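This is what each chain is made of:
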Amino acid sequence: MAATGDAILEVRDLVKHFPLTQGVLVRKQIGAIKAVDGVSFDLRRGETLGIVGESGCGKSTLAKLLMGLERPTRGSVRINGREIAGARGAELKQVRRNIQLVMQDPYTSLNPRMTVGDIVGEPYEIHPEAAPRGDRRRRVQALLELVGLNPDHINRYPHQFSGGQRQRIGIARGLALQPEIIVCDEPVSALDVSIQAQVINLLARLQRDLGLSYVFIAHDLSVVRHISDRVGVMYLGKLVELGRDSEIYGQPAHPYTQALLSAVPVPNPEGRARRERIVLQGDPPSPADPPSGCRFRTRCWKAQDVCAQQEPPLQLRPGTWHESACHFPQVHQVIRAF
Amino acid sequence: MNMTSTPPLPAWGAGGPGSEPLLAVEDLHVEFATRQGTVKAVNGVSYSLYPGETLAVLGESGSGKSVTAQAIMGILDMPPARISRGRIRFRGTDLLGLSEDARSQVRGRRIAMIFQDALSALNPVFTVGSQIGEMFRVHQGMSRRDAERRAVELMDRVRIPGARQRLHDYPHQFSGGMRQRIMIAMAIALDPEVLIADEPTTALDVTVQAQIMELLAELKRESDMGMILITHDLGVVADVADKIAVMYGGRIVENAPVHDLYRAPAHPYTKGLLESIPRVDRKGRELYAIAGMPPDLLDMPPGCAFAPRCPYRQDNCVTEAPPLYRIGPTRGGACHYWREVLDGSHG
């Protein structure tokens, strides 16, 4: 996973608000769900950027924005310098070729009435210029082989495959147009434990062989650590910490990151009674009405008056080599064996 | 500091192997009649639970871990399910021999269960107060008012903030973590002797999972309740269990005190699972992956169900199903080559 310096994907101040409306005849907007609220990062060529966060933090909306499946309220997403956020029609179609999505649930993301060959080859219907008609079957078989499936199974239907194999079908479809970027949205969380490692290994191998860049969105912190070069932590629509994997896991500076890491159960019973655990109180606030200032302050044990008044930007802060969004950052190693 | 100095927990709880188990599943077999044929979901499962003990039942989807629990609770749909053999003894009495009337005296009152999906386990058209209170009205004939008072106490006990104000709220008005607390409140309402928790935190975020696991541990400390924790998560197990039963293809392939199992697994499946977990020191390297896929319960191989995926496989594994070999006073392993697995040498 040798990431070179240049950014292949540039995300700047990305915002997505979903309007909340009221009324049947005259709909008026009474508020907005602030799903993604000012996210910026770069993805470098050949790199894996992990995005972690809990449900409702906006990570799946972020995936859709990167893919151009949702139109952002504000902000920009550039792939190789070309804007996807405002693009329409033929322009959007062109930019999108370069970024593909692997979804969470291999049971609902494949059409049960289509053969595997049709599913994997469907991108060629939308982008006929990518492969001449006569060559498609051969290409689909090559893709199946690439992801570790039997190319002779091209005429089978999704239900004839197990969960892990279906996820491979989804990955093969994602690779059909030879994209440079793959957005993986919880790619292994629907799979059995013994199958997860197979799919993670496959993704790592494809990255090495094809020079892919990944945005890897997941809630499983140990999986994200394994595959990522850098990691961003999201809370209520914002990145609260962004850095190299060793920095985020080894020297977390934001209290939310520390709490998140300490909550992960460690698959080793030795010394379990002595383990430090930061148990957060309550639930995350609603993204329709986030707290003023720092969004984490309502659950933070360090919160002071300034946290309610000023929003801490994501930036380099004294004592750390990576960016965090906390007025009182303090590197605190949460001892974890995972 | 010597990491191995932690004394292993007594595998048989405070009572010791001589005392009577609270609950004992003996040679349980459960089948399902389907259009494609007979699905053998549980094939000779035995485990026991002593007061104050936490037994984790670990397995993947289709391993039979939840079906066993449903058989204990008596909530299997029969047919299509059929218990073809075995006993489930609760304080010495075989539950399978009881009348439905007698069983309903045990269910919910002395053995209670919580489920993964709290939203579908709660009734959407009744307030949470009336659903918790129902436990007291139905089982103890309490008046509506007294039941309501007890419901508030329970909601306080499972740390639902503002219990009195939230009594008349409906399930959809609560977050996932709070709904799971409501279900726990209902389960512990009548002070059960056994609590079965079936993937209680799988649908929850990690920080909420930590809250719920802490709550369960606290409730267990306050009483002498035995707990069966059904999960697929090796991390959750390591945090709370006293002993573990690992299930695969409807059988227990290994049972052991928690420290022994993590230190040195005796079955290739357990070993494979532990080795496939991403860890810091494995970063950048290929993860160990168990080859192949779980067995087809409609068409179980005659020998060991794990044999097609097993790196230790020999000829006899394909023909002879291994019994649960006794490999220590409190350990069992269903592998012909458990010695090699335990030594760590790959076959």
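**Q** How should the packing of aromatic side chains be read in this particular structure?
**A** The description of an aromatic ring pair uses the distance of the two centres, along with the angle that the planes make with each other. Per the counting criterion, the structure on display carries six aromatic pairs over all chains. Both rings, one in Tyr-256 of chain A and one in Phe-296 of chain A, keep their centres 5.3 Å apart while their planes meet at 65°; by these two values the pair is edge-to-face. In this pair, Tyr-256 of chain A sits in helix H9 (residues 255-263) while Phe-296 of chain A sits in the loop between H9 and helix H10 (305-309), placing the two residues 40 residues apart along the sequence. Of the residues examined, Tyr-256 of chain A reaches a relative accessible area of 0% and is grouped as buried. Taking the relative accessible area as the measure of exposure, Phe-296 of chain A reaches 1% and is therefore buried. Between Tyr-248 of chain B and Phe-306 of chain B, the ring centres sit 5.2 Å apart and the planes meet at 90°, which makes this aromatic pair edge-to-face. Of this pair, Tyr-248 of chain B sits in strand S9 (residues 243-248) while Phe-306 of chain B sits in the loop between helix H11 (268-275) and helix H12 (315-319), and the two are 58 residues apart along the sequence. Geometry around Phe-174 of chain B places Arg-166 of chain B over its ring, the cationic atom sitting 3.9 Å from the centre.

**Q** Help me out: how do you make sense of a nonpolar patch on the surface in this one?
**A** There is a patch of nonpolar side chains on the surface, built from Val-24, Leu-25 and Val-26 of chain A and spanning about 420 Å² of accessible area. Its place among the elements puts Leu-25 of chain A in the loop between strand S1 (7-22) and strand S2 (28-44).

**Q** Would you mind going over the sheet that holds strand S3 (residues 54-58) of chain B with me for this structure?
**A** In any sheet, the strands associate via hydrogen bonds between backbone groups, in a parallel or an antiparallel arrangement. Residue and element names in this part refer to chain B. Ordered in space as S6-S7-S8-S3-S9-S10-S12-S11, the eight strands form an open sheet in which the pairing is mixed. Since the sheet does not close on itself, it has two edges, and those belong to strand S6 (111-114) and strand S11 (325-328), each with one partner. Pairwise comparison of adjacent strand axes, ignoring direction, gives a mean angle of 25° for this sheet. Taken together, the six bridges between S9 and strand S10 (residues 251-257) define a ladder with antiparallel strand orientation. Considered in S10, the bridge of Tyr-248 is made with Arg-251. This element, helix H7 (residues 176-188), spans S6 and strand S7 (194-198) of the sheet and lies at about 175° to S6.

**Q** Explain the environment of Ala-307 of chain B to me, please; I cannot follow it from the model alone.
**A** Residues and elements named next belong to chain B. Looking at the element boundaries, Ala-307 is found in the loop between H11 and H12. A sequence separation of 227 residues divides Ala-307 from Pro-80, and the C-alpha atoms of the two residues are 29 Å apart. Apart from the residues lying within four places of it in its own chain, the contact partners of Ala-307 are Arg-313 and Cys-317.

**Q** Help me understand the interface of chain B and chain A, please; the structure alone is not making it clear to me.
**A** The figure often quoted for interface size is the accessible area lost as the parts come together. In this assembly, 50 residues from chain B lie in contact with 39 residues from chain A. Taken together, the two surfaces of chain B and chain A that pack against each other cover about 3800 Å², and 53% of this comes from carbon and sulfur. Connecting chain B to chain A are three salt bridges. Of the charged contacts, one joins Glu-270 of chain A and Arg-263 of chain B as a salt bridge, the two residues approaching to 3.2 Å between their closest N and O atoms. Linking chain B to chain A there are 17 residue pairs in polar contact (both at pLDDT 80 or more). Those elements giving two or more residues to the side of chain B that touches chain A turn out to be helix H8 (206-222), helix H9 (234-240) and helix H10 (258-263) of chain B.

**Q** Would you mind showing me how to read the pattern of salt bridges here?
**A** Where charged atoms from two side chains of opposite charge approach closely, those side chains can pair. All names here are of chain B. A full pass over the atoms with the stated rule returns 36 salt bridges over all chains. The partner of Lys-65 in a salt bridge is Glu-199, and the shortest N-O contact between them spans 3.8 Å. Taken together, the residues Lys-65 in helix H1 (residues 65-73) and Glu-199 in the loop between S7 and H8 connect sequence positions 134 residues apart. Side by side, Lys-65 and Glu-199 carry an identical accessibility label, which is buried. Note that Arg-150 and Glu-153 form a salt bridge whose closest N and O atoms lie 3.4 Å from each other. Of this pair, Arg-150 and Glu-153 both sit in helix H5 (residues 144-157), three residues apart, which is roughly one turn of the helix. Classification of Arg-150 by relative accessible area gives partly exposed; the value is 25%.

**Q** What exactly am I supposed to notice about the packing of H7 of chain B against H8 of chain B here?
**A** The relative placement of two packed helices is expressed as an angle between their axes plus a distance between the axes. Residues and elements named next belong to chain B. At a minimum axis distance of 10 Å, the contact between H7 and H8 shows a crossing angle of 15°. The orientation of H7 with respect to H8, classified from their angle, is roughly parallel. Judged by the twist between their axes, the crossing of H7 over H8 is right-handed. Mapping the contact onto sequence places Gly-177, Gln-180, Arg-181, Ile-184 and Ile-188 in H7 and Val-208, Gln-211, Ile-212, Leu-215, Leu-216 and Leu-219 in H8. Residue classes in the contact of H7 with H8 are distributed as seven nonpolar, three polar and one charged.

**Q** What exactly am I supposed to notice about the pairing of strand S8 (residues 226-231) of chain B here?
**A** In the case of a regular strand, side chains alternate between the two sheet surfaces. All names here are of chain B. With six of six residues buried, S8 is to be regarded as a mostly interior element. A two-sided burial pattern is seen for S8, the buried positions comprising Gly-226, Ile-228 and Ile-230 on one face and Met-227, Leu-229 and Thr-231 on the other. With five bridges joining them, S3 and S8 adopt parallel strand pairing. Along S8, the bridge assignment pairs Leu-55 with Ile-228.

Conventions we followed
Residues numbered from 1 in each chain as written. Chains lettered and ligands numbered in written order. Predicted model: local features only at pLDDT ≥ 70, side-chain atom pairs only at ≥ 80, totals over all residues. Heavy atoms only, no water. Phe/Tyr/Trp six-rings, centres within 6.5 Å; stacked < 30°, edge-to-face > 60°. Helix = DSSP H or I, 4+ residues; strand = E, 2+ residues; numbered from the N terminus. Buried < 20%, exposed > 50% of the residue type's maximum accessible area, 1.4 Å probe, protein only. Lys NZ or Arg CZ within 6 Å of the ring centre and 35° of its normal. Patch = residues over 30% accessible without salt bridge, like charges linked within 9 Å, V, L, I, M, F, W, Y side chains within 5 Å. Areas by Shrake-Rupley, 256 points an atom, 1.4 Å probe, with all protein chains shown as cover. Salt bridge = Lys/Arg side-chain N within 4 Å of Asp/Glu carboxyl O. Pairing = 2+ DSSP bridges. Axes fitted to C-alpha atoms, helices over the stretch in contact; angles between N-to-C directions. Contact = heavy atoms within 4.5 Å. Buried area = accessible area lost by both parts, 1.4 Å probe. Polar contact = N/O pair within 3.5 Å; in protein donor to acceptor, adjacent residues only side chain to side chain. Parallel < 35°, antiparallel > 145°, perpendicular 65-115°, else oblique. Left-handed = near helix turned anticlockwise from the far one by under 90°. Nonpolar A, V, L, I, M, F, W, Y, C, P; charged D, E, K, R; others polar.

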